[in-house]
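Residues per chain are reported as follows:
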Amino acid sequence: MHARPGLDVRIGPFLVNLRLGLREPLPLLQRMWHDYPLEPSAGIRDFHVSLDHNGWLRRWWRPQARFAVDGRSPFQPLAAAHHFPMLEWGLNWCVARRAHHLLMLHAAVLERGGRALVLPGAPGAGKSTLCTALAHRGWRLLSDEFALVCPQYGRLLPLPRPIPLKNASIGVIRDFAPEAEIGPAFSGTRKGTVAHVRPPSAAVARMDEPATPGWLVFPRWQAGAETRLEPLSRSDAFLLVASNAFNYELLGETGFITAARLVEHCGCHTLSYSNLDEAIARLGVLAEAAP
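The present account deals with the structure reproduced in this document. From a predicted model like this one, the values you see are computed outputs, not experimental measurements. (Residues numbered from 1 in each chain as written. Predicted model: local features only at pLDDT ≥ 70, side-chain atom pairs only at ≥ 80, totals over all residues. Heavy atoms only, no water.)

## Examining the packing of aromatic side chains
Thinking step 1. In the structure shown here, the tally under the stated rule is 7 aromatic pairs.
Thinking step 2. For the pair W33 and Y36, a centre-to-centre distance of 5.7 Å together with 80° between the ring planes defines the contact as edge-to-face. Here W33 matches Y36 in class, with each residue buried.
Thinking step 3. Ring centres of F67 and F75 lie 5.8 Å apart, and the angle between their planes is 15°; on these two criteria the pair is classed as stacked.
Thinking step 4. When its relative accessible area of 0% is taken as the criterion, F67 is described as buried.
Thinking step 5. Across from the ring centre of W215, 5.0 Å away, lies the NZ or CZ of R115, which sits over that ring.
Thinking step 6. When the ring centre of F176 is taken as origin, the NZ or CZ atom of R137, which lies over that ring, is 4.2 Å away. (Phe/Tyr/Trp six-rings, centres within 6.5 Å; stacked < 30°, edge-to-face > 60°. Buried < 20%, exposed > 50% of the residue type's maximum accessible area, 1.4 Å probe, protein only. Lys NZ or Arg CZ within 6 Å of the ring centre and 35° of its normal.)

Structure representation (structure tokens):
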């Protein structure tokens, strides 16, 4: 990959023009992104992003990396050693700020049998750990970070990206799924120690295939907790969906109708767990019981 004039990379429904002024992320970027197709004769790009040195001095003295979209930096530079997490966080920012033709939930999404499992989760709920485990136990990864709901059709659009694991979750997944390809650990970031799991190649190959909503499950990891999958009323599920959306209020009536339709077409549950195998088994039974 060359920093100029940039590469047009298709990631789910978005076309990203990427320019790199830093050489350090190249090997990891090639490893984590190598399944994404390049579009040599692209038209309109959704995002023009760059990752570069933060000025001439910061190239040599306490090096810093600067993320920019359309030439402007939306947040402060980070230590250059945190280049890949910064790129991934920057792309999340782009999607959250600009994809308002979709209802966006902070949720993991996986598919089985054509139906989507939506896992909204606050930080610390174990969403990414459970998502990674499911993606390596027969579920197709659509996204770890965003549930992208199309208001017109109500379907969920795939956005398979590297899954960020934090702190103790890194070791949990190394033990649970040794076949998972996990990148280097970046310590001392604003989220602690972070390592990324490469999205399965099959998920990237099928990122043009949306999925029909099937289940809304609100997970909560608790140390030593018994695995409990319990029904949730649709009224409570609606409130939780709205509170986990990036742009529910911005979309107004469209957001309300889209969220209501999502809840109406899903089985709604809460999931408390501490054991990944048991949680995956319960979700598998849920999927198999679907008509």
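Once the structure has been displayed, the description carries forward.
## A few points about the packing of helix α3 (residues 127-135) against helix α9 (residues 276-288)
Thinking step 1. Running from amino to carboxyl end, α3 crosses α9 at an angle of 65°, the nearest separation of the two axes being 10 Å. One way to sum up the angle between α3 and α9 is to call them roughly perpendicular. Judged by the twist between their axes, the crossing of α3 over α9 is right-handed. Residues T129, L130, A133 and L134 of α3 touch α9, and the partners they reach there are L276, A279, I280 and L283. (Axes fitted to C-alpha atoms, helices over the stretch in contact; angles between N-to-C directions. Helix = DSSP H or I, 4+ residues; strand = E, 2+ residues; numbered from the N terminus. Parallel < 35°, antiparallel > 145°, perpendicular 65-115°, else oblique. Left-handed = near helix turned anticlockwise from the far one by under 90°. Contact = heavy atoms within 4.5 Å.)

## Section: unusual backbone geometry
Thinking step 1. Here D70, not a glycine, exhibits a phi torsion of approximately 55°, which is positive.
Thinking step 2. For D70, the location among the structural elements is in the loop between β4 (64-69) and β5 (78-79).

## Notes on the environment of P123
Thinking step 1. Its location among the elements puts P123 in the loop between β7 (115-120) and α3.
Thinking step 2. The exposure class assigned to P123 is exposed, which follows from its relative accessible area of 73%.
Thinking step 3. Measuring from C-alpha to C-alpha, the distance between P123 and H106 comes to 9.9 Å, with 17 residues separating the pair along the chain.

## Some details on the pattern of salt bridges
Thinking step 1. Inspection of the entire model under this criterion finds 14 salt bridges.
Thinking step 2. For the salt bridge of R112 with E288, the shortest nitrogen-to-oxygen distance reads 3.3 Å. With R112 in strand β6 (residues 103-112) and E288 in helix α9, this pair connects stretches of sequence that are 176 residues apart.
Thinking step 3. R112 gets classed as partly exposed once you look at its relative accessible area, which sits at 28%.
Thinking step 4. Salt bridges linked by common partners bring R31, D35, E181 and R198 together as one network. (Salt bridge = Lys/Arg side-chain N within 4 Å of Asp/Glu carboxyl O.)

## Describing the sheet that holds strand β12 (residues 186-189)
Thinking step 1. Within the open sheet, the 3 strands sit side by side as β11-β13-β12. Their pairing is antiparallel. Both edges of this open sheet fall to β11 (163-166) and β12, since each of them pairs with a single strand only. Between one strand and the next, the sheet's axes are offset by a mean angle of 40°, whatever the strand orientation.
Thinking step 2. Bridge count between β11 and strand β13 (residues 192-197): 4 bridges; the pairing is antiparallel. Across the sheet, the residue bridging to P164 is H196, located in β13.
Thinking step 3. Against the sheet, helix α4 (residues 168-176) engages β11 and β13, with an angle of about 115° to β11. (Pairing = 2+ DSSP bridges.)

## Focus on the pairing of β12
Thinking step 1. With 2 bridges joining them, β12 and β13 adopt antiparallel strand pairing. Following the sheet pairing, F186 is matched in β13 by V194.
Thinking step 2. Between the end of β12 and the start of β13, which pair antiparallel, lie 2 residues.

Remember, this is a structural readout, not a statement about activity or role.
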